[in-house]
Amino acid sequence: MIFMILIYGGTFNPPTVAHYEIISLLKEKFNPDKFYILPVGPHYNKPGVANFSDRYQMCMIMADKLGIEVSDLENETTYRGTYYALKYFEQFDKDVYFVMGADNFDYLDAWMNAENLVKEFKFIILSRGGFDINKISESKFKEYQDHFILVEYNNYVSASLFRKEKDKRIVIPEVYQYIKENNLYEVK
């Protein structure tokens, strides 16, 4: 019996309507047995990233509406990488797919344990303007072309746009309420 697990990793700083739409789209298209949001842990060293607890709670709000789960696997002080995370999920079944945008796919070859990651796992790559996924996979991952599934998605809303503009239409209402109540991203 094939048991499909989708892992959607990212910063989710904050989770946006685009994340929500992507999850809905992938649930409908692939009908996975399990779907997890995997927010990066506190080790992610980038300015302006809300603490793990807040990002986890916002992901939980979204996940509850979508009927999926959120993993706190990366809530560690030491970063072990996506390969480690996928190996963890693989113990439940071998059919594990990592969901990522084309912008991240473009530098997947520089990730920790990239060679094993690409060799052992499958990926669902979401299209994004300015990135030719076929060209990237042909030039960087020629031997593993069948490990990548392209899914067209054309909403250009981003978490960075929310942080810049504070436009409540970029996140679902419940996440916006959480942001306001917890004074995140300078939203009053």
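In the block above lies the structure referred to throughout.
Throughout, a residue's number is its position along its own chain's written sequence, starting from 1. Owing to the predicted nature of the model, reporting of local features is limited to residues with pLDDT of at least 70; listing and counting of side-chain atom pairs is limited to 80 or more, with chain, interface and lining totals taken over all residues. The side-chain values count all of the structure's non-hydrogen atoms but skip hydrogen atoms and water molecules.

**Comments concerning the overall build of the protein**
The way it works is that DSSP assigns letters per residue, a run of H or I at least four long becomes a helix, a run of E at least two long becomes a strand, and they are numbered from the N terminus. The number of helices and strands found in the protein is eight helices and six strands. Going from N to C terminus, the protein has its helices and strands arranged as β-α-β-α-β-α-β-α-α-β-α-β-α-α. The C-alpha atoms of the protein give a radius of gyration of 16 Å, which matches the 16 Å a tight globule of 188 residues would have. Relative accessibility under 20% of the residue-type maximum defines a buried residue, over 50% an exposed one, and the middle range a partly exposed one, all with a 1.4 Å probe and only protein chains included. Burial statistics for the protein: of 188 residues in total, 49% are counted as buried. Across the protein, the fraction of contacts at a sequence separation of at least 24, relative to all contacts at a separation of at least 6, is 74%. Accessible area for the protein stands at about 9,900 Å²; split by element, carbon and sulfur atoms hold 47% of it. Side chains of the protein carry 22 positive and 27 negative charges; the gap between the two charge centres is 5 Å. We compute the radius of gyration from the C-alpha atoms alone; for a globule the expected value is 2.2 Å times N to the 0.38, where N is the number of residues. The contact rule is simple, with two residues in contact once any of their heavy atoms fall within 4.5 Å. Note on areas: Shrake-Rupley, 1.4 Å probe, and residue coverage restricted to the protein chains presented here. Neither His nor the chain termini are counted; the positive set is Lys and Arg, and the negative set is Asp and Glu. In plain terms, the charge of a residue is placed at NZ if it is Lys, CZ if Arg, CG if Asp and CD if Glu.

**Topic: the nonpolar core**
In this text, buried Ala, Val, Leu, Ile, Met, Phe, Trp, Tyr and Cys residues form a nonpolar core when linked through side-chain atoms within 4.5 Å. Counting 39 residues, the largest nonpolar core has Leu6, Leu26 and Ile37 as the members making the most contacts within it. Listed by contribution, the elements that provide at least two residues to this core are β1 (4-10), α1 (17-30), β2 (34-39), α2 (52-66), β4 (95-101), β5 (122-126) and α8 (173-181). In this structure, Ala85, Leu86, Phe89 and Phe148 belong to the second largest nonpolar core, which totals 27 residues.

**What to know about the sheet that holds strand β6 (residues 148-151)**
In this analysis, strands are considered paired if DSSP registers two or more bridges between them. Strand order in the open sheet made by the six strands is β3-β2-β1-β4-β5-β6, with parallel pairing throughout. The open sheet has two edge strands, β3 (69-70) and β6, and neither has a second partner. Relative to β3, β2 is paired through two bridges, and the arrangement is parallel. Counted as the bridge partner of isoleucine 37 is valine 70 from β3. Note on method: axes are straight lines fitted to C-alpha atoms, helices fitted across the in-contact stretch only, with angles between N-to-C directions ranging 0 to 180 degrees. Strand contacts of α2: β2 and β3, with the helix running at about 155 degrees to β2, the strand carrying the most contacts.

**Focus: the packing of α2 against α8**
Where α2 contacts α8, the two axes come as close as 9 Å, and the packing angle between them is 155 degrees. Between α2 and α8, the angle is such that the two are roughly antiparallel. Regarding α2 and α8, the two cross each other, and that crossing is right-handed. Taking contact as the criterion, the partners of Ser53, Asp54, Gln57, Met58, Ile61 and Lys65 in α2 are, on α8, Glu174, Val175, Tyr178 and Ile179. Under this scheme an angle from 65 to 115 degrees is roughly perpendicular, one under 35 degrees roughly parallel, and one over 145 degrees roughly antiparallel; angles in between are oblique. Whether a crossing is left-handed or right-handed is set by the direction in which the near helix is turned from the far one by less than a right angle, anticlockwise for left-handed and clockwise for right-handed.

**With respect to empty space enclosed by the protein**
A cavity, in this analysis, means grid points on a 1 Å lattice covering only the protein atoms where a 1.4 Å probe fits yet has no way out; a pocket is instead an open set bounded by protein on both sides within 12 Å along at least five of seven lines, and a residue lines either one if it has an atom within 4 Å of a point. Grid points are joined across faces, edges and corners, and a volume is the space filled by probe spheres set on the points. All told, the structure shown has one cavity of 30 Å³ or more when counted by the stated rule. What lines the largest cavity is His43, Leu73, Glu74, Glu76, Thr78, Tyr79, Arg80, Gly81 and Tyr84. Residue composition of the lining of the largest cavity, by class: three nonpolar, three polar and three charged. In this count, Pro and Cys sit with the nonpolar residues alongside Ala, Val, Leu, Ile, Met, Phe, Trp and Tyr, while Asp, Glu, Lys and Arg are called charged and the others, Gly among them, polar.

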